[in-house]
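# Report on the structure
As a plain string of letters, each chain reads:
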Amino acid sequence: IEVTTDASVFEERFYYEQLSESEQLIYQELYEGIMTEQTEIYTHSTDPDEANEILLSVVYDFPEIFWTDGSATATTHGQAVARGTYTVVKPVYEYSGEKKEQMQREIDAAVEDIINSVPTEYDEYGKIKYIYEYLINTVEYVENAPDSQNLYSSLVNHGTVCAGYAKANQYLLNELGIECIYVLGTATEGERTDNHAWNIVKLEDSYYNVDATWDAGAKEYGYFLLSDANFKDHTRYDEYASETFYAAY
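In this report, the structure presented in the accompanying data block is examined.

What counts, and where the lines are drawn
Residues numbered from 1 in each chain as written. Predicted model: local features only at pLDDT ≥ 70, side-chain atom pairs only at ≥ 80, totals over all residues. Heavy atoms only, no water. Helix = DSSP H or I, 4+ residues; strand = E, 2+ residues; numbered from the N terminus. Rg over C-alpha atoms; globule rule 2.2 N^0.38 Å. Buried < 20%, exposed > 50% of the residue type's maximum accessible area, 1.4 Å probe, protein only. Lys, Arg positive; Asp, Glu negative; His and termini not counted. Charge placed at Lys NZ, Arg CZ, Asp CG, Glu CD. Expected span 1.5 Å × (residues − 1). Arc of directions from axis to C-beta. Contact = heavy atoms within 4.5 Å. Salt bridge = Lys/Arg side-chain N within 4 Å of Asp/Glu carboxyl O. Pairing = 2+ DSSP bridges. Axes fitted to C-alpha atoms, helices over the stretch in contact; angles between N-to-C directions.

### Concerning the overall build of the protein chain
Scanning the protein chain from N- to C-terminus turns up eight helices and nine strands. Taking 18 Å as the expected radius of gyration for a compact globule of 249 residues, we find that the protein chain reaches 18 Å, a close match to that expectation. Based on the C-alpha atoms only, the size of the protein chain along its principal axes is roughly 60 × 40 × 40 Å. Taken over 249 residues, the protein chain has a buried fraction of 46%. Separation of charge centres in the protein chain, based on 14 positive and 47 negative side chains, amounts to 3 Å.

Put into structure tokens, the structure is as follows:
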């Protein structure tokens, strides 16, 4: 696939920057294909598992991609040592056509309203806190919420699960020029441990954990701007345990 997207789009995207140069090319190809809703994306990958993992990196870096959650089938053609070996990725698109366009318009309107409501005099901390408060005060945790794996559920429906909170927080802060990373792991409450998603945000020169899901509806914030040491009931999956995430609170 020919990549026409300007390279600056990928700069400072966390998961993109963790990849090798050859993997970054595959990432760019997958991004191009997803953005143009191609049903078959031809990539330079020689390994279907690699292609699927990189596709997830694209989705985690770009929360505004709501029409797929990264599900796909991938098939490699040719011998791994042969010139011209490639992998075709077939993403699962949950929304398309007029449905997708309508959802996009609703998301854009909600984002514009939220961003415009942030006081212009706020510094980074003020902006991070404002968006956090907006999410925990206006979005309800709904276990079986529709569209729950994307930001439409939180920004438009105002009912979601952890993925919706984390993707909305990531997108809104990114729009405000603040680095915010989507993180996956587990969270433990009592004797129950579940898969979970939250964010790590950069404030000045340090990284902090924030979990809007666990603070939803709360008047006091127990999961806002915490170090790893103070975030003991949350555990990142090994692949998200990079030292880059270290939160020096």
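### Concerning helix 4 (residues 97-117)
Between its terminal C-alpha atoms helix 4 stretches 31 Å, which fits the 30 Å expected from 21 residues at 1.5 Å a residue. Listed as buried for helix 4 are Lys-100, Met-103, Ile-107, Ala-110, Val-111 and Ile-114. Seen end-on, helix 4 carries its buried residues on one side only, within an arc spanning 100°. The exposed set on the far side of helix 4, more than 90 degrees from its buried face, consists of Glu-98, Asp-113 and Asn-116. Looking at the buried positions of helix 4, the neighbouring elements they touch are helix 5 (124-138), helix 6 (151-155) and helix 7 (162-175).

### Focus: the pattern of salt bridges
Evaluation of the coordinates by the stated rule reveals seven salt bridges. One salt bridge connects Lys-100 with Glu-101, and the closest N-O pair in it is separated by 3.6 Å. Here Arg-192 ties to Asp-194 by a salt bridge, and the two come within 2.6 Å at their closest N and O atoms. The class of Arg-192 is exposed, set by a relative accessible area of 53%. Residue Asp-194 is classed as partly exposed on the basis of its relative accessible area, which comes to 33%. Overlapping salt bridges, with partners in common, bring together Glu-37, Lys-100 and Glu-101 in one network.

### A short note on the pairing of strand 3 (residues 86-91)
Of the strand pairs in this sheet, strand 1 (residues 41-43) and strand 3 are connected by three bridges, and their pairing is antiparallel. Counted as the bridge partner of Ile-41 is Val-89 from strand 3. As judged from the six bridges shared by strand 2 (residues 72-77) and strand 3, these two strands associate in the antiparallel manner. Across the sheet, His-77 pairs through a bridge with Tyr-86, a residue of strand 3.

### Some details on the sheet that holds strand 2
Pairing in this open sheet of three strands is antiparallel, and the strands run 1-3-2 from one edge to the other. Each edge of the open sheet carries a strand with a single partner, namely strand 1 and strand 2. Sheet twist, expressed as the average angle between the axes of neighbouring strands with direction ignored, equals 25°. Along the sheet, helix 3 (residues 48-61) makes contact with strand 2 and strand 3, crossing strand 2 at roughly 140°.

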